[in-house]
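Structural features, examined
Residues per chain, in single letters:
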Amino acid sequence: MGLAALVATALGCGAATAATEVPVFDGIAKVTAVNNVCIDDGWAVGAEFRLIFRSAVRPSNNRGGGLQLMEQRYGYTFLMPDGKALPGGSRKGTFNATGLSGQVGAFSFSSKFSLAITPDKIRADTPVVTIDGTLGNFGGTEGCTVTIFAVATPRL
């Protein structure tokens, strides 16, 4: 087997393994409501983020399901505790969250959430996932609660 064929085969197998290991969805999340603490911190209805969502546990590192919200200058990762999925349906709990900002660097915080994730059963061939609900201590600010609505499709 030639080097080019070997590389193509290896990359093809790797891509298939990564794609089937855990379905990942990309989309857009918008802030649809904020409380007064958030307003004081500079958040407003209409803020928009790039979204990455994974409902299943990643077997290669046992990372739980979760979501990422990213903007040009900062981002937040909201993960279930290791080994726990974030399946579809009505979900409440606490995320282990990490923020990254050019002004303050990386920081960790806890975020209580209440999310409605549809559909109830999420698989690699699910065409669209929607997420609607609240994230607490948003941006690492104690008492700031935002409501988001997101739509995501499978990562290619």
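**Here we look at the overall build of the protein**
In terms of regular secondary structure, the protein is built from 2 helices and 8 strands. Taken from N to C terminus, the helices and strands of the protein fall in the order α-β-α-β-β-β-β-β-β-β. The buried share of the protein, reckoned over its 156 residues, is 33%. Of all intrachain contacts in the protein linking residues separated by at least 6 positions in sequence, the fraction that spans at least 24 positions is 46%. Approximately 8,600 Å² of the protein is accessible, and the part contributed by carbon and sulfur atoms is 56%.

**Examining the state of the cysteines**
Taken as a whole and assessed by the stated rule, the structure comprises 1 disulfide. Covalently, Cys-38 is tied to Cys-144 through a disulfide, its sulfur atoms 2.0 Å apart. Taking the sign of the torsion about the S-S bond as the criterion, the disulfide between Cys-38 and Cys-144, at about 115 degrees, is right-handed. Taken together, the residues span a long stretch of sequence, with Cys-38 in helix 2 (residues 36-40) and Cys-144 in the loop between strand 7 (129-135) and strand 8 (146-154) at a distance of 106 residues. Here Cys-38 and Cys-144 have matching classes, each one buried.

**Looking at the confidence of the model for the protein**
Overall, the prediction assigns the protein a mean pLDDT of 86, with 87% of residues at 70 or greater. pLDDT under 50 marks residues 1-20. Its contacts with residues more than four places away, or in other chains, come to 2 contacts.

**A few points about the packing of aromatic side chains**
Summed over the entire model, instances satisfying the criterion amount to 16 aromatic pairs. Consider the rings of Tyr-74 and Tyr-76, whose centres lie 5.9 Å apart with planes at 50 degrees: the pair is tilted. A residue is classified by how much of its surface remains accessible, and Tyr-74, at 26% relative accessible area, is partly exposed. A relative accessible area of 7% means that Tyr-76 is categorised as buried. Ring centres of Phe-78 and Phe-138 lie 6.3 Å apart, and the angle between their planes is 15 degrees; on these two criteria the pair is classed as stacked. One end of the pair, Phe-78, is in strand 4 (residues 74-79); the other, Phe-138, is in the loop between strand 7 and strand 8, and 60 residues separate them in sequence.

Parameters and conventions
- Residues numbered from 1 in each chain as written.
- Predicted model: local features only at pLDDT ≥ 70, side-chain atom pairs only at ≥ 80, totals over all residues.
- Heavy atoms only, no water.
- Helix = DSSP H or I, 4+ residues; strand = E, 2+ residues; numbered from the N terminus.
- Buried < 20%, exposed > 50% of the residue type's maximum accessible area, 1.4 Å probe, protein only.
- Contact = heavy atoms within 4.5 Å.
- Areas by Shrake-Rupley, 256 points an atom, 1.4 Å probe, with all protein chains shown as cover.
- Disulfide = S-S within 2.5 Å.
- pLDDT = per-residue confidence, 0-100.
- Phe/Tyr/Trp six-rings, centres within 6.5 Å; stacked < 30°, edge-to-face > 60°.

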